[in-house]
Structures are given as structure tokens and as C-alpha cells.
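A closer look at the structure
Below are the chains, spelled out letter by letter.
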Amino acid sequence: MKNLPKAHLISTVSTTKAAQLVANKKNAACIGSEIAASLYGLNILKRNIEDSSHNITRFLVISVMDVPPTGSDRTSFVFSIKDKVGALHAMLVSFHEK
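All chains use their own residue numbering, which begins from 1 and follows the written sequence. The model is predicted, so local features are restricted to residues of pLDDT at least 70 and side-chain atom pairs to those at 80 or more, both for listing and for counting; the totals for chains, interfaces and linings are taken over all residues. No hydrogens and no water enter the side-chain calculation; it runs on all heavy atoms of the structure.

Structural notes on the confidence of the model for the protein
Rules: Think of pLDDT as the predictor's per-residue confidence, scored from 0 to 100. To qualify as a helix, a DSSP run of H or I must reach at least 4 residues; to qualify as a strand, a run of E must reach at least 2; elements of each kind are numbered from the N terminus.
For the protein, mean pLDDT is 84; residues scoring 70 or higher make up 95% of the total. Within the protein, helix 2 (residues 34-39) carries the highest mean pLDDT (92), whereas helix 3 (residues 87-96) carries the lowest (83).

Here is the structure:
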């Protein structure tokens, strides 16, 4: 809220949806990419407002097809644990052990 301290926040399912929502509204803004601004005819008010300069979005594709490694692959773990003190540590400690 540093950049627009009086803004009313509205959650959306994606930055693209946010761009679509503000495209035809006066006094509305969204956080999104330059591509979204171009696609929906939006003016860019301020650039580089992310909290982290290394901010990225990753998309996870789940499939029954086996796909060979590309060499630029990343591994993600998705899990669910009980909401109790130490549960995450107990689960992850085996990854730290050598």
C-alpha cells in the first residue's frame, strides 16, 4: 500500500483478471505485467513495485504423461500437515539429514 495508500484492495484470481477488471473503469488500478497493460490498454503508473527484485511466479503442471527433463527444471513439493507446533520441522528434518 506504499504506492497507493488510499486504495481499496480487491482480491482477484490472477493479475490478468485484475487487468481485465480495471480496463474499463475510471480511477482503478491493478498490479500486473507490462504485457497485461499492453493487452488491455492500460497506462503504467509505476514500474518495479515488487517487494523482492527476485519475485517470480511459477506454474505447476500436473499430468499423467512422463516428460523428459529439460535441464532448466525445478522441483516443487506440495503437502498437507496437521496444524501443530513442530509439524513442518518434523516433516522436513529428513531432507536436512545427510
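Focus: the environment of methionine 91
Using the following cut-off: Any pair of residues with heavy atoms lying within 4.5 Å of one another is described as a contacting pair.
Within the fold, methionine 91 resides in helix 3. The contact partners of methionine 91, leaving out residues within four places of it in the chain, are Phe79 and Ile81.

Things to note about the nonpolar core
Under the convention used in this document: Residues enter a nonpolar core if they are buried and are Ala, Val, Leu, Ile, Met, Phe, Trp, Tyr or Cys, with the set joined through side-chain atoms within 4.5 Å. Burial classes follow relative accessibility: with a 1.4 Å probe on protein chains only, a residue under 20% of its type's maximum area counts as buried, one over 50% as exposed, and anything between as partly exposed.
Counting 5 residues, the largest nonpolar core consists of Ala19, Val22, Ala36, Ala37 and Leu42. Elements supplying a minimum of two residues to this core: helix 1 (15-22) and helix 2. Alanine 36 has contacts with Ala19 and Leu42, leaving out every residue within four places of it along the chain.

A look at helix 1
Basically, it comes down to this: To be clear, the arc concerns the directions from the helix axis to the C-beta atoms.
Where helix 1 is concerned, the buried positions are Ala18, Ala19 and Val22. What you see down the axis of helix 1 is that its buried residues fit within an arc of 100°, all on one side. Buried residues belonging to helix 1 abut helix 2.

Let's talk about the environment of glycine 41
Tracing the chain through its elements places glycine 41 in the loop between helix 2 and helix 3. Sequence-wise, glycine 41 and proline 5 are 36 residues apart; in three dimensions their C-alpha atoms are separated by 24 Å.

Side note on unusual backbone geometry
Of note in this structure, asparagine 27 is not a glycine but carries a positive phi near 55°. Within the secondary structure, asparagine 27 is located in the loop between helix 1 and helix 2. Of note in this structure, asparagine 48 is not a glycine but carries a positive phi near 55°. Within the secondary structure, asparagine 48 sits in the loop between helix 2 and helix 3.

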